[in-house]
Every structure is written in structure tokens, then in C-alpha cells.
Amino acid sequence: MIDMRTVLISYIVSNAICAGVIGALWYQNRRRFPGLGFWLADFVMQFVALLLATLRGILPDLVSMVISNALIIGGTILLLVGLERHIGKRSRQIHNVFLLVVFIAVHTYFTIVHPSLEARNINLSLAFLAVCSQGAWLMFGRPPGELRSITRGLGVVFVAYCLVSLVRVFVDLAVPGSEDLFQSNVYDTGLVMVSQMLFVVLTFGLCLMVARRLVLHLEDDILERQRAEAALRTSEEKFFKIFQVSPDAILISHMESGRLVEVNDSFCRMSGYTREETLARSTIDLGIWPNSQDRERLMADLRKNRRVRDYEGDFNTRSGATLSTQYSCEVIDLDGELYVMAIVRDVSERKRYEDALQKQTAALFERVKELNSISELASLIETPAISLEEILRKSVELLPPAMQYPESVGAKLVLGTQAYVAGRSQESDHRLRQDILDGQAVVGSLEAWYSPQIRQETLLFLEEEKNLLYIFAERLGQVIRRMRLDAELRHRTEILAALHLATLEMVNRFDVNDILQTLLQRTGTLLDAPHV
């Protein structure tokens, strides 16, 4: 017959081995799966409980009977908590705390107040049954769908524990036993051995569940990696298509040496080199940089900011043509080496349009200045009671601001012995001159010139400026003629008025000879008077 003490010692040894296995399981997977720490705590408590129970007779009954069995139930509750965390189904444990308190109270009563090994065994079996039935339900009914096939084995172990607990209750009620644990009957001893085997099976089941979850994670990782690889291939295909069909030139070159590792078709069309010719050389060898300082500035910006947007520079082609281009670059890491991916856009046509637009804008601005000066001249001429001298002086001042380079233009108006000068520029031989005509007679001149300090090739007068000078001279000639005619008209009007008065005086005197003599005298006096 097998001695109960021997069974308990072997139980302790196997329990210690199982605790070591769970400890290793926890150490290797503690960061991967939750709840393993509770499993380890259960196995340690079970080991301590068996050790205390084996020392019965040496330790006080409260320690070897109450505390040891409380550790068994408490450890099993911790195992249940760990399993809940492991499958992600946490719940409140107030009912199990209450169960543990009631168990300790009953066990203490049948240990100290009314000692009874049979009652204590039944109390332990019922408490164990209550906790294991929760474990069976947890493993069968509560796991997520993908984990149920993994947890069924542990569910069977918990069902087996429930059956052993029920059988032990039946045996303790039906078969009288000794009050000494080490003198237990063959049934109790056999049930303890069955519990020992179930404990080993439980350890194996826990390890198997973790292993199968690792397999599931590995499968998920493999699927995720396959999806990532498929997405990477798709991304590479998309990138390659975008890379090749882009209308802009795209090139990837080594950051320091400039060695080209990839170019697209647009780069080949732009540069005039084939793909094979470019990949065997660097951007420096190809000579696409007319000015090496431009590349150095671009590389300095890339080293500082790792990206450059809309950097404008020239691009040399194989044929010797120089294109105006716009660079957008970014530093990328390929296998630990730094490379530059550059997108080069040919903006030569846009530059030509911009230059043409700028020239048209400048020309339009010049025309506006000319029209403003003509409008101001018209307003000046129409000013009431303004003298000719003031018109001449102010009109010549309107010319320099209307010219292409107003700060370097001088103007002069000459009328008889009078001269009017405007502008701060020193007179030079590079000038325009326009006669001022009163009818067919030249009565003056209007001149404009550029400063001699300005280069000769920049001083070509625009055709519009020549027309402007002609308009000013023509308008001033019209003003001079109009004022001369107005003066003559006033003079003739005065002569007629004087003749009329003289005629009236003579009529009043009725002396014809006197009248004729007076008329002749008045007419001679008026004719001898100077014109205004």
C-alpha cells in the first residue's frame, strides 16, 4: 500500500518541476501574453501549500491545515484570474473573495473548534469544485472564436478536477476514514495521486496553449509579412510606373559622389544620354551642371535640411544646349547609404513666357507714362489765364518722367532767345531733337538726351519716345501759333475800335478835311505801334 506521506513528497517534487516550467514560460513570454504572472503565483502557492501540509505535526495545525489549504484555493483563484486576462475576458472576483473567506472560516472551525479531517476534506473539495467549474466555463464558453480550439484542452482538465472533487466528497461521506492525514484510506490516497497527475496535465495544457498561441501569432506575423510584401511589391510597381511615365526628369544619385543609380525616360530625353550611358557615370562626369557652385549650394542645403524645393538652376544637355530647370530634391536612405532623389523640371519655355510678359509689362508701363505726360500737357495748355512762358517751362518738366530712364534724362526747350531746361542729367551727344513750328516757320526746338555716364548701347531711344517728343513739339507749336494769332486778332480789334472812335469824332465836327486828316493821323499812329 502506498503511503500518503510518500505520495505528498512526490507531489511536492513534481509540483516544483511544474512551477519551474511555468516560471520559464512566464520569463520567455511575459511581454507577449498577459496573465502568466498569475499562473506562476498559483504554482508557487500550490508548492508552498503541499510543503506545509507535508510538515503537519511539525508545524502548528493553523499553518499546516488552514493556511496550506487556503493557499490551494487562493492559488487556484489566481490561476482563474490569469486565464481570464490571457484570453481577454476579465471579470470581477468579489464572489471568489467571498468564497475564500467562507472556506477559511469553515476550515478554521473544523481545525480548532471541532477538529474533523473528513469535514475539512469535504470543505476543500467543494471549494475546489466551485473554482474549477468556473475555470471549465471560462475555457469552454467565454474565449473568442479564434481561441476556443486552443482552450478546450484546459477546459477538459478543469472538468476532470471537478469530477475528482465530486468523487472525493462522495468517498468522504461513504467511507469512514482516519483523523490522521498520513493514515488516509486507499481511496483518498488514490485521489491525491490523480490530482498530482492532473496537475502535471494542467502544466502541460498551459504550456501547450501558450505554444499554440505563439503559432497563431507566428501565422499572423507570416500573413502580415506576406501582406506587407505584397503591398511593397504593389507600391514598388506603382512607384516604377510613376517614375517612368513622369513628364519631369527623375534621377537617383549617390549623395557624395553624384553617381547615378537610376534615371527615368524623361531624364534621358532631356539630357540626350541613354540610360546605359548615365548609369555608368556621375552627374559631374555628364557635365549637367554648367556651374559647379550651383551643385555645391544645392548639396549644402540638402545636408542641412534633407530636402530642397523649387531650386532654380541651369542644366546642360548632351548637345550643348543649356536649359532653365527647377530642382526638387530629397535625401533618402538605401541600404545604409545616403542618396538624393531629384525631380528636374524644364522651365525654359515658362522662363521665355515670363521674360516676354515682363517686357510687355515694362513696355505697357512706359506707354502709360507717355499717355500721362500727354494728358498733363493737354491739361496745362487748357489752364485758363496761363501765360506762354509758364506753359513752356512746365511742359519741358513733363518730358523726363515720361522717358524710359527718367533719372538719366535731360530736356531743353528753346524759343527764340529763351531756353527752358529740366532734368538733372548732363548734356551729351546722344540726344533727340524736334523743331517747334509755327505754321511752316521754325520758331524753336525741343531736345532730350541721356547722361554720358550710361553705356551707349543702352541709350537707344524707343520709337515711342521719338513720337512723344514729336507730339510735345507739335502741341507746343500749336499753342505758340494760337497765342500769336490771338495777339494779332486783339491788335486788329484795337485798330478797328480806334478807327470807329475817330470816325464818330469827325462826323460830329462836319469837317471832312479834318476828318480825313485825323483818320490818317490815327491810322499812322496805330500802324507804327509794336505788336504784343
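Above this text sits the structure in question.
Rules and cut-offs
Residues numbered from 1 in each chain as written. Predicted model: local features only at pLDDT ≥ 70, side-chain atom pairs only at ≥ 80, totals over all residues. Heavy atoms only, no water. Helix = DSSP H or I, 4+ residues; strand = E, 2+ residues; numbered from the N terminus. Buried < 20%, exposed > 50% of the residue type's maximum accessible area, 1.4 Å probe, protein only. Patch = residues over 30% accessible without salt bridge, like charges linked within 9 Å, V, L, I, M, F, W, Y side chains within 5 Å. Areas by Shrake-Rupley, 256 points an atom, 1.4 Å probe, with all protein chains shown as cover. Salt bridge = Lys/Arg side-chain N within 4 Å of Asp/Glu carboxyl O. Lys, Arg positive; Asp, Glu negative; His and termini not counted. Charge placed at Lys NZ, Arg CZ, Asp CG, Glu CD. Phe/Tyr/Trp six-rings, centres within 6.5 Å; stacked < 30°, edge-to-face > 60°. Lys NZ or Arg CZ within 6 Å of the ring centre and 35° of its normal. Pairing = 2+ DSSP bridges. Axes fitted to C-alpha atoms, helices over the stretch in contact; angles between N-to-C directions.

Draft legend 1. Structural detail: unusual backbone geometry. The backbone of Arg 306 shows a phi angle near 65°, a positive value even though the residue is not glycine. Within the secondary structure, Arg 306 sits in the loop between helix 11 (292-305) and strand 3 (307-316). The class for Arg 306 is partly exposed, based on a relative accessible area of 42%.

Draft legend 2. Region of the structure containing a negative patch on the surface. Where like charges cluster on the molecular surface, the negative patch consists of Glu 146, Glu 219, Asp 220 and Asp 221. Relative to the helices and strands, Asp 220 is located in helix 7 (residues 186-245).

Draft legend 3. Here's a closer look at the packing of aromatic side chains. Here the structure, examined in full by the defined rule, presents eight aromatic pairs. Judged by centre distance (6.3 Å) and plane angle (70°), the rings of Tyr 11 and Phe 199 are edge-to-face. Note that Tyr 11 is positioned in helix 1 (residues 4-29) and Phe 199 in helix 7, a separation of 188 residues in sequence. Among the aromatic residues, those joined into a ring-pair cluster are Tyr 11, Phe 43 and Phe 199. Just above the ring of Trp 26 sits the side chain of Arg 30; from NZ or CZ to the centre is 5.6 Å.

Draft legend 4. Focus on the pairing of strand 8 (residues 431-438). Here eight bridges tie strand 8 to strand 9 (residues 441-450), and the two strands are oriented antiparallel to one another. By the bridge assignment for strand 9, Gln 434 is matched with Leu 446. A loop of two residues connects strand 8 with strand 9, the two strands running antiparallel in sequence, and Gly 439 in this loop sits at a positive phi of about 75°.

Draft legend 5. How the structure looks around the sheet that holds strand 8. Read across the sheet, four strands follow the order 7-6-9-8 without closing on themselves; strand pairing throughout is antiparallel. Two strands lie at the open edges of the sheet, namely strand 7 (418-422) and strand 8, each paired on one side alone. Between one strand axis and the next, the sheet turns by 15° as a mean value, whatever way the strands run.

Draft legend 6. Quick peek at a nonpolar patch on the surface. A cluster of nonpolar residues, Phe 140, Val 156, Val 159, Leu 163 and Leu 166, forms a patch on the protein surface that exposes about 440 Å² of accessible area. Among the elements that take part in the nonpolar patch, helix 6 (residues 148-174) stands out by supplying four residues, more than any other. Among the structural elements, Phe 140 can be located in helix 5 (residues 117-141). For Phe 140, a relative accessible area of 38% puts it in the partly exposed group.

Draft legend 7. Molecular detail of the pattern of salt bridges. Per the counting criterion, the structure on display carries 22 salt bridges. With a closest N to O distance of 3.3 Å, Lys 369 and Glu 366 form a salt bridge. Pair noted here: Lys 369 and Glu 366 are both in helix 12 (residues 348-381), with a separation of three residues, about one helical turn. Given the relative accessible area of 15%, Lys 369 is considered buried. Looking at Glu 366, the relative accessible area reads 10%, which means it is buried. Connected via shared salt-bridge partners are Glu 312, Arg 350, Lys 351 and Glu 354.

Any link to function would need more than the numbers given here.
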